[in-house]
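Listed below are the residues making up each chain.
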Amino acid sequence: MLVKVVNPRFLERRDKRDRFYQKRRRIGHHRAFAREMLEHLASRALKPGRLAPCPHMQNILGVVDTDLGAALLVEAVLDENGELATTLRDLVESGHLGPREQQALEAFLDWALTSNVLINDLSADNLAWHPDGHFVMIDGLGDRAGIPIRAVSPWFNRLYKRKKIRQLLEEIGMKEESGGSREAVAIALAIILALLGLLATQMELLLD
Ligand SMILES: Nc1ncnc2c1ncn2[C@@H]1O[C@H](COP(=O)(O)OP(=O)(O)OP(=O)(O)O)[C@@H](O)[C@H]1O
Ligand SMILES: [Mg+2]
């Protein structure tokens, strides 16, 4: 198991930069944990009653108290020797991204794109290699945006994740050219559609 705390340096920086920050947001600096837990629940909500955790997300075991504040207790992904698993970045840098790992990466990206989860940081450091032969996302789930457009629009969520996947593949030196102006038009359209969706949801709530 791992005990993940909020980096105390992050808290200091936040306190200096934004004094009313803690008061403004109810969850405060714990929102990184809240974001991740929300995605775990969202991934299960599509299939109520499903017991097995998703193999592509680190398993969350709970919230515990530490001398550094509340912490997230998670299951560690370990390699064959019981050490912390290598990340996708380690594999790329050491030249160990073989056909098996590449196939597993494809399967992971397929899940990332087609599942309903929101992803904000799909960097190579956030993917751990499970010795069973699959990648596990250990950080970077959830939505950091102020207006939750991706949460209300699956289409926009997918569009955003496509961009993140393209950036990841570029980062690790695996193909993909950029989409250019067509993508910009698609994003503008998506924002309009998502805002309409949001408006419709709000109307529905008001009518309720
Ligand atoms: N569940 C896990 N199993 C194995 N190793 C992990 C796990 N979670 C984290 N790690 C290791 O710890 C490193 C840092 O973890 P994590 O990504 O959660 O924090 P961080 O990168 O410091 O946070 P942030 O990306 O928000 O700055 C990872 O790159 C990975 O090597
Ligand atoms: Mg990380």
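Note on numbering: residues in each chain are counted from 1, in written sequence order. For naming, the first written chain is A and the first written ligand is 1, with later ones following in the order written. Local features in this predicted model are restricted to residues whose pLDDT is 70 or higher, and side-chain atom pairs enter the listing and the counts only when it is 80 or higher, whereas totals over whole chains, interfaces and linings include all residues. As a convention, hydrogens and water are excluded, and side-chain values are obtained from all of the structure's heavy atoms.

1. What to know about the overall build of the protein chain
(1) Moving on: Scanning the protein chain from terminus to terminus reveals eight helices and five strands.
(2) Moving on: Note on exposure labels: buried denotes an accessible area under 20% of the residue type's maximum, exposed denotes more than 50%, and partly exposed covers the range between, all computed with a 1.4 Å probe on protein chains only. A burial count over the protein chain gives 37% of its 208 residues as buried.
(3) Moving on: Residues count as neighbours in contact if any of their non-hydrogen atoms are within 4.5 Å of one another. Across the protein chain, the fraction of contacts at a sequence separation of at least 24, relative to all contacts at a separation of at least 6, is 60%.
(4) Moving on: Surface exposure here means Shrake-Rupley accessible area, sampled with a 1.4 Å probe, where a residue is shielded only by the protein chains that are shown. Taken as a whole, the protein chain presents about 13,100 Å² of accessible surface, with 57% of it coming from carbon and sulfur. Helix numbers and strand numbers start at the N terminus; a helix is a DSSP run of H or I with at least 4 residues, a strand a run of E with at least 2.

2. Side note on the coordination of the magnesium ion (ligand 2)
(1) Moving on: Keep in mind that water is not among the atoms, so a site may look incomplete; donors are the N, O and S atoms within 2.8 Å of the metal, or 3.2 Å for Na, K and Ca. Coordination of the magnesium ion (ligand 2) by the protein is provided by N126 (OD1) and D139 (OD), with metal-donor distances spanning 2.2 to 2.3 Å. On the criterion of sequence distance, the pair formed by N126 in the loop between α5 (99-114) and β4 (127-130) and D139 in the loop between β5 (134-137) and α6 (149-152) is long-range, its members being 13 residues apart.
(2) Moving on: Classification of N126 by relative accessible area gives buried; the value is 7%.

3. What to know about the site of ligand 1
(1) Moving on: As a matter of local geometry, ligand 1 sits amid L2, K4, Q58, E75, A76, V77, L84, T87, D125, N126, I138 and D139.
(2) Moving on: Under this definition, polar contacts are N or O atom pairs within 3.5 Å; protein pairs additionally need one hydrogen-donor-capable and one acceptor-capable atom, and for neighbouring residues in sequence, both atoms have to be side-chain atoms. At 3.0 Å from a nitrogen atom of ligand 1 is found a side-chain nitrogen or oxygen belonging to Q58.
(3) Moving on: D139 is positioned such that a nitrogen or oxygen atom in its side chain is 2.5 Å from an oxygen atom of ligand 1.
(4) Moving on: With the chains in place, 60% of the 610 Å² that ligand 1 exposes on its own is no longer accessible.
(5) Moving on: Here the term charged refers only to Asp, Glu, Lys and Arg, the term nonpolar to Ala, Val, Leu, Ile, Met, Phe, Trp, Tyr, Cys and Pro, and the term polar to all other amino acids, Gly among them. Of the residues assigned to the shell around ligand 1, the class counts are five nonpolar, three polar and four charged. Here a residue is near a molecule or strand as soon as one of its heavy atoms is found within 4 Å of it.

4. Overview of the packing of α5 against helix α7 (residues 154-171)
(1) Moving on: At a minimum axis separation of 9 Å, α5 and α7 run at an interaxial angle of 155°. Put simply, α5 runs roughly antiparallel to α7. Between α5 and α7 lies a crossing of right-handed hand. Touching L109, A112 and L113 of α5 are R158, K161, R162, I165, L168 and L169, all from α7. Axis definition: a line fit to C-alpha positions, over the contact stretch in the case of helices; interaxial angles, taken between N-to-C directions, run 0 to 180 degrees. Angles are sorted into four bins: roughly parallel if under 35 degrees, roughly antiparallel if over 145, roughly perpendicular if 65 to 115, and oblique for all others. The sense of a crossing depends on the near helix, which, turned anticlockwise from the far helix by less than a right angle, makes the crossing left-handed and, turned clockwise, makes it right-handed.

5. What about the side chain of T87?
(1) Moving on: Along the polypeptide, T87 turns up in the loop between β3 (69-74) and α4 (88-93).
(2) Moving on: Given the relative accessible area of 12%, T87 is considered buried.
(3) Moving on: Residue contacts for T87: discarding those within four places in its chain leaves A124, D125, L127 and A128.

6. A short note on the pairing of β4
(1) Moving on: One bridge is not enough; two strands pair if DSSP finds at least two bridges between them. The pairing of β4 with β5 spans four bridges and is classified as antiparallel. Looking at β5, one finds that A128 is bridged to V136.
(2) Moving on: Linking two consecutive strands that pair antiparallel, namely β4 and β5, is a turn of three residues; a positive phi of about 105° is found at G133 within it.

All we've got here are geometric facts, nothing functional implied.
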